Amino acid sequence: PSCGYYLEVWKMAALAGERWRSELPGHEIFTKLRENAGFQRRGSGRTSAKNLAFCLNGDLFVWDEADKVFYTTNLRYLNSEEGCDGAKYQTLLCINPPLFEVCQVLLSPTQFHVALIGLRGATVLELPQRWGKRSEFEGGRARVNCKTIPVAERFFTSSGLVSLRHAAWYPSETEEPHLVLLTSDNTLRFYNLKEPQSPARVLSLSQSEDGSAVRTRGRSYAASLGEIAVAFDFGPLVCSPQQLPGQRAKEEVLAYPLYILYENGETYLSYTTLALGAGGLGKPLGPLPMHPAAEDNYGYDACAVLCLPCVPNILVIATETGTLYHCVVLEAEEEEECVAGERWARGTEAVPSLYVFECVELELTLKLASGEEEEEPLESDFTCPIRLHRDPLCQQRYHCTHEAGVHSVGLTWVSKLHKFLQSDEEDKDNLQELASEQRCIVEHILCTRPLSSSSSAPVRGFWIVSDLSLGATMICITSAHECLTRPLLYAPHTAVLVSHVHCYTCPILSSCSLIFTTF
């Protein structure tokens, strides 16, 4: 379809959601959140971005850390004339609330559970039943008690020095829900909700031969060298090329690729499936070779990885300096396997390589003028962790949330990449020429920290509303518990991803100008 088609679809969706988008920022939920926060202004202390909101079946859920509850309201109700008369909402209470600070909430693939994630633990909340005229929780009761399941509670209680680095749901929608936890002891654990205290699977991610790490004053040598896993992500279901434990010879098994990112920028690959019971988890393969080669292995301080479900898979690797690497996962050639085979912990499995298609530098803060007209602006040394979010409306788009706001990235070159890979062209080095022809689109949608010297104002909630009846919309919740909504385009085929860009000024920040960044 042409760009005009997408613009017409976007205009129709924007009109469909115009009412609820104007009503939601003034909703009583956010007034209550601000009251519970006590209007406390943050000092100079650094805090990372959180994600304490999600949507399900037209309902918006926002976590209140002060009361340890979810507030939920129906966006379709707000989109009706009836909803304009009152801001009704329900409160979901935890029967056994988490004792740790919640940094992230994760909706399960089956949409029956929500994981409450913190640095010192994980708890799963079971969503209650719906009934009644508007299909509300327990018929519309104002306060609803919800069952909660502490996960690995004994482990975190007995391991005082271990923290939770990353968490995600096992991506299957048809099997028993499993929560996957990556901890600071360089171990990946799979937990079945039926037995939440004992991991169903354990995978050591240590790069040392004996799997151990020598510690010195609380920090291991592996951590000092960046050989600590910091994030992981699952790819789309494939026929596993790796022989998995418990797999019979010549048996074809469907498994999920599991990409594991280390702080030093190296990426490892494993395959996992629940069909083989406790044995369906392969030993990590890697590090995956990256092309073109770089002296610094494409940087350090890696903090996040995201697998876009394109064919072939596209890995997004983010660093705390604001650098994004778009890597195409390609099958390794025979020569590559022979040269680097000694470093790979593998048998006869084919190990793919990562082709760094392009590198993007996010402008996290404004660049200050140096005082001289001819001189370039001074570079900022501001760094912060970055969270990566898929876009449910478009596989070629993703979003970044961080201490300085929100960036959106659109990969407009994916279709050309498909045509190139389907052609008879065998020289993959020509990918570099393809990359120079068309670059991705990057927009600084929301700026919460215009200067590196400004106070910390991280994003507290982020979600993409994909319900077409409500209109494609981005929802952002700021550190001051203010709600911002922005209509989205359905595909990044034009020079604009959203209708307009917003620069949010926190009450404790000085006024700043609108920021619009496109690479």
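For the structure, see preceding data.
Here the structure is a predicted model, which means the values were calculated and not measured. (Residues numbered from 1 in each chain as written. Predicted model: local features only at pLDDT ≥ 70, side-chain atom pairs only at ≥ 80, totals over all residues. Heavy atoms only, no water.)

Along the chain, the regular secondary structure elements total nine helices and 34 strands. Buried positions account for 54% of the 519 residues belonging to the chain. (Helix = DSSP H or I, 4+ residues; strand = E, 2+ residues; numbered from the N terminus. Buried < 20%, exposed > 50% of the residue type's maximum accessible area, 1.4 Å probe, protein only.)

Okay, the sheet that holds strand 22 (residues 290-291) next. Strand order across the open sheet formed by five strands is 22-26-25-24-23, with mixed pairing between neighbours. Edge positions in the sheet fall to strand 22 and strand 23 (302-308), since each has one partner strand and no second. Two elements, strand 22 and strand 26 (residues 353-361), share two bridges in a ladder whose sense is parallel. Each bridged residue has a counterpart across the sheet, and for M290 the counterpart in strand 26 is L354. (Pairing = 2+ DSSP bridges.)

Moving on: the sheet that holds strand 14 (residues 187-192). Working definition: the strands of a sheet are paired by backbone hydrogen bonds and lie parallel or antiparallel to each other. What the four strands build is an open sheet, ordered 12-13-14-15; its pairing is antiparallel. Both edges of this open sheet fall to strand 12 (164-169) and strand 15 (201-204), since each of them pairs with a single strand only. Averaged over all neighbouring strand pairs, the angle between strand axes comes to 15°, with direction disregarded. Where strand 13 (residues 178-183) meets strand 14, six bridges bridge the pair, whose relative direction is antiparallel. (Axes fitted to C-alpha atoms, helices over the stretch in contact; angles between N-to-C directions.)

Note that the residue after G286, namely P287, is joined by a cis bond; omega there is 5°. Mapped onto the secondary structure, P287 falls in the loop between strand 21 (267-272) and strand 22. Between V311 and the following residue, P312, the backbone shows a cis peptide bond with an omega angle of 0°. By secondary structure assignment, the location of P312 is in the loop between strand 23 and strand 24 (314-319). Backbone geometry places S135, a non-glycine residue, at a positive phi of 55°.

In this section: the packing of aromatic side chains. Enumeration over the complete set of coordinates arrives at 13 aromatic pairs. Taking 5.7 Å as the distance between ring centres and 85° as the angle between the ring planes, the aromatic pair formed by Y71 and Y89 counts as edge-to-face. Separated by 18 residues along the polypeptide, Y71 in strand 3 (residues 69-74) and Y89 in the loop between helix 4 (75-78) and strand 4 (90-94) bring together distant segments of the chain. Each member of the pair, Y71 as well as Y89, is classed as buried. Here a set of aromatic residues connected by ring pairs shows up, and it is made of F54, F61, W63, F70, F137 and W463. (Phe/Tyr/Trp six-rings, centres within 6.5 Å; stacked < 30°, edge-to-face > 60°.)

Further remarks concern the environment of R120. Relative to the helices and strands, R120 resides in the loop between strand 6 (113-118) and strand 7 (121-126). Classification of R120 as partly exposed rests on a relative accessible area of 34%. Along the primary structure R120 and F100 are separated by 20 residues, whereas in three dimensions their C-alpha atoms are 6.1 Å apart. Residues within four places of R120 in sequence aside, it is in contact with F100, F156, S159, G160, V162 and S163. A polar atom in the side chain of R120 sits 2.5 Å from the backbone oxygen of F156. A polar contact is formed between the side chain of R120 and the backbone oxygen of V162, at a distance of 2.2 Å. (Contact = heavy atoms within 4.5 Å. Polar contact = N/O pair within 3.5 Å; in protein donor to acceptor, adjacent residues only side chain to side chain.)

We now examine helix 3 (residues 28-37). Where helix 3 is concerned, the buried positions are I29, F30 and L33. When helix 3 is viewed along its axis, its buried side chains cluster within an angular range of 90° and face the same direction. For helix 3, the elements touching its buried residues are strand 2 (59-64), strand 3, strand 32 (473-477) and strand 33 (483-487). (Arc of directions from axis to C-beta.)

Another point: the pattern of salt bridges. What the rule picks out here adds up to 13 salt bridges. Close ionic contact of E101 with K50 constitutes a salt bridge, the shortest N to O distance being 2.3 Å. Taken together, the residues E101 in the loop between strand 4 and strand 5 (104-107) and K50 in the loop between helix 3 and strand 1 (53-56) connect sequence positions 51 residues apart. Exposure remark for K50: the relative accessible area of 12% places this residue in the buried category. (Salt bridge = Lys/Arg side-chain N within 4 Å of Asp/Glu carboxyl O.)

Take the pairing of strand 20 (residues 254-262) next. Each regular strand shows side chains that alternate between the opposite faces of the sheet. Among the nine residues in strand 20, eight count as buried, and that is most of the element. Note that strand 18 (residues 229-234) and strand 20 share five bridges and pair antiparallel. Considered in strand 20, the bridge of A231 is made with L261. Here two bridges tie strand 19 (residues 238-239) to strand 20, and the two strands are oriented antiparallel to one another. Pairing of C239 across the sheet is with L254, part of strand 20. Where strand 20 meets strand 21, six bridges bridge the pair, whose relative direction is antiparallel. By the bridge assignment for strand 21, L258 is matched with S270. In sequence, strand 20 turns back onto strand 21 through a hairpin of four residues, with G265 there showing a positive phi of about 95°.

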